[in-house]
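Each chain, written out:
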Amino acid sequence: METISRLGIIAGGGQFPKLIAEEAKRQNMFVAICGFHHNTDENLASACDSFQMLALGQLSKLIDFYKKNSITHICFAGTINKPKALDIRPDLRAAKLIFSLKTKGDDALLRAILNEFEKEGFTCISAAKLLPSLKSPQGVLTNRKIPLEILDDMHYGFPIAKSMGSYDIGQCLVVKQGMVIAVECLEGTDATLKRAASLAGKDCVAIKVVKPIQDERIDLPSIGLKTIENLIEYNYAGLAIEADKTLFFDREEALDLANKHKLHIIAL
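Rules behind the numbers
- All residue numbers refer to position in the chain's written sequence, counted from 1.
- A pLDDT threshold of at least 70 governs which residues receive local features in this predicted model, and a stricter bar of 80 or more applies before side-chain atom pairs are shown or counted, although totals over entire chains, interfaces and linings include all residues.
- The side-chain quantities take in all heavy atoms of the structure and omit both hydrogens and water.
- When a residue's accessible area, from a 1.4 Å probe over protein chains only, is under 20% of the maximum for its type it is buried; when over 50% it is exposed; and in between it is partly exposed.
- What counts as a helix is a DSSP run of H or I of at least four residues, what counts as a strand is a run of E of at least two, and both are numbered from the N terminus.
- The pairing criterion is simple: DSSP has to find at least two bridges between the two strands.
- Handedness of a crossover is defined as follows: orient the strands so they point away from the viewer, and if the path from the first strand over the helix to the second runs clockwise, the crossover is right-handed.
- A pair of Phe, Tyr and Trp rings is counted when the ring centres sit within 6.5 Å of each other, with Trp represented by its six-membered ring. The angle between the planes then sorts it: under 30 degrees is stacked, over 60 is edge-to-face, the rest tilted.
- For this analysis, residues touch if any pair of their heavy atoms sits within 4.5 Å.
- The axes are straight lines fitted to the C-alpha atoms, using for helices just the contacting stretch, and the angles between their N-to-C directions are given from 0 to 180°.
- Asp and Glu count as negative and Lys and Arg as positive, but His and the ends of the chain are not part of the count.
- Salt bridge, as applied in this entry: a Lys or Arg side-chain nitrogen positioned within 4 Å of an Asp or Glu carboxyl oxygen.
- Distance and chemistry together define a polar contact, namely a pair of N or O atoms within 3.5 Å, with one atom able to donate a hydrogen and the other to accept it when in protein, and with adjacent residues in sequence counting only for side-chain atoms on both sides.
- We define a nonpolar core as any set of buried Ala, Val, Leu, Ile, Met, Phe, Trp, Tyr and Cys residues linked to one another through side-chain atoms lying within 4.5 Å.
- Patch definition: residues above 30% relative accessible area lacking any salt bridge, with like charges linked at up to 9 Å and the nonpolar side chains Val, Leu, Ile, Met, Phe, Trp and Tyr linked at up to 5 Å.
- All accessible-area figures derive from a Shrake-Rupley calculation using a 1.4 Å probe, and residue coverage is judged against the displayed protein chains alone.
- Charged side chains are reduced to one point each, which is NZ for Lys, CZ for Arg, CG for Asp and CD for Glu.

Counted residue by residue, strand β2 (residues 30–36) has six buried out of seven residues, so it is predominantly covered. Taken together, the five bridges between strand β1 (residues 6–11) and β2 define a ladder with parallel strand orientation. Of the residues in β2, the one forming a bridge with I9 is I33. Handedness of the β-α-β unit built from β1, helix α1 (residues 16–26) and β2 comes out right-handed. Pairing between β2 and strand β3 (residues 50–54): five bridges, direction parallel. Bridge pairing in β3 places A32 opposite S50.

Encoded structure:
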């Protein structure tokens, strides 16, 4: 990876921004983080050299913050609460950007924001480049052979999830016995898992993939301990993710829990 001395992190929620900031500091980078009210942990200020919180939609202030800190490289890390994102009050620059978009799905909006940063001379990189070990390896990740009926559902749902992603809808799909039960939309993965279980009961299978149109520098699918806890609570039979692209946080602890509760996980 190219040498980076001054990194800007556009931070959402979750642990990813902090992990990236810590790794960047370990590599002696100057780190500036901009987070968003109701999404980002304000304690991130202690993990970086410069910190600012903004409201979603303040694009001009976001860019100005990184310019003032002489940032050269930008990365996106963390999640944004999608329902709350509907309540944004965009500044003039953001409003013009949103108005120019034919569609306003996650990927379309993020790519447009990335383009604005590149116009200003910033280099946008994938946060995962700093911590490649977070990407899931390929293969069966749990310690039991996956029953054929569960494996069939995983292979059935995987291409459908990919097709769904090509429309910039969501990254997660839930299937059971060769039927699509739920598709992730605005509510996010956790709510999708709960909704599917309420519809179809136990032994559902979840699939989470990268959208085919997705710019992987700005939005990779992710799972973690909370995902596994939800799958167990809702009595899921299995989870299939996309190998070498899905970020798997707290992997060892999450897989130990999955094994304990006989939840099958594979990276395809």
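Next up on the list: the packing of aromatic side chains. Counted by the stated rule, this structure contains four aromatic pairs. Taken together, F65, Y66, F117 and F122 form an aromatic cluster joined through their ring pairs.

Turning to the sheet that holds strand β11 (residues 238–241), a few remarks are in order. If you walk across this open sheet you meet the six strands as β6-β13-β11-β9-β7-β8, and the pairing is mixed. The open sheet terminates on both sides in strands that have one partner only, identified here as β6 (139–140) and β8 (179–183). Here strand β7 (residues 172–176) pairs with strand β9 (residues 205–208) via four bridges, running antiparallel. Counted as the bridge partner of V175 is V205 from β9. In the packing of helix α7 (residues 189–200) onto the sheet, contacts are made with β7, β8 and β9, and the angle to β8 comes to roughly 140°.

Attention shifts here to the side chain of K208. With respect to the secondary-structure elements, K208 resides in strand β9. Of the side chains with opposite charge, E184 comes closest to the buried, unpaired K208, at an N-O distance of 5.1 Å. Within the structure, K208 has its side chain in polar contact with the side chain of T189 (distance 2.8 Å). Leaving out residues up to four positions away in the same chain, K208 has contacts with Q171, C172, T189, P221, S222, I223, A240, I241, E242 and T246.

In this section: the nonpolar core. Ranked by internal contacts, the top residues of the largest apolar core, which has 28 residues, are I228 and Y236. Elements with a contribution of two residues or more to this core: β7, β8, α7, α8 (225–233), β11, α9 (251–260) and β13 (264–267). Among all residues touching Y236, those that are not within four sequence positions of it are V174, T192, L193, A196, A197, D203, C204, V205, A206, L231 and L263. By size, the runner-up hydrophobic cluster in this structure holds 26 residues, among which are I20, M29, I125 and L220.

Pairing is parallel in the open sheet, where five strands are placed in the order β3-β2-β1-β4-β5. Whereas interior strands pair on both sides, the edge strands pair on one side only; in this sheet they are β3 and β5 (123–124). Packed onto the sheet, α1 meets β1, β2 and β4 (73–77) and runs at close to 175° relative to β1. Each of β1, β2, β3 and β4 touches helix α2 (residues 59–68); the most contacted strand, β2, lies at about 165° to it.

Once that is clear, we can look at a negative patch on the surface. Taken together, the side chains of E229, E233, D250, E252, E253 and D256 make up a negatively charged region of the molecular surface. Those elements giving two or more residues to the negative patch turn out to be α8 and α9. Of the residues forming the negative patch, the biggest block, three residues, is contributed by α9. Within the secondary structure layout, E233 lies in helix α8.

This next bit is on the pattern of salt bridges. Scanning all chains against the criterion turns up 10 salt bridges. Across the salt bridge formed by K67 and E120, the nearest N and O atoms sit 2.5 Å from each other. Note that K67 is positioned in helix α2 and E120 in the loop between α5 (106–119) and β5, a separation of 53 residues in sequence. The class for K67 is partly exposed, based on a relative accessible area of 41%. A salt bridge links E187 to R195, with the shortest nitrogen-to-oxygen separation between them at 2.5 Å. The partly exposed category is assigned to R195, whose relative accessible area is 31%. Among the charged side chains, a network of salt bridges with common partners joins K67, R93, E116, K119 and E120.

Viewed as axis vectors pointing N to C, α2 and helix α4 (residues 92–100) meet at an angle of 115°, and their least axial separation amounts to 6 Å. The residues of α4 that touch α2, namely those facing L59, S60 and I63, are R93, A94 and L97.

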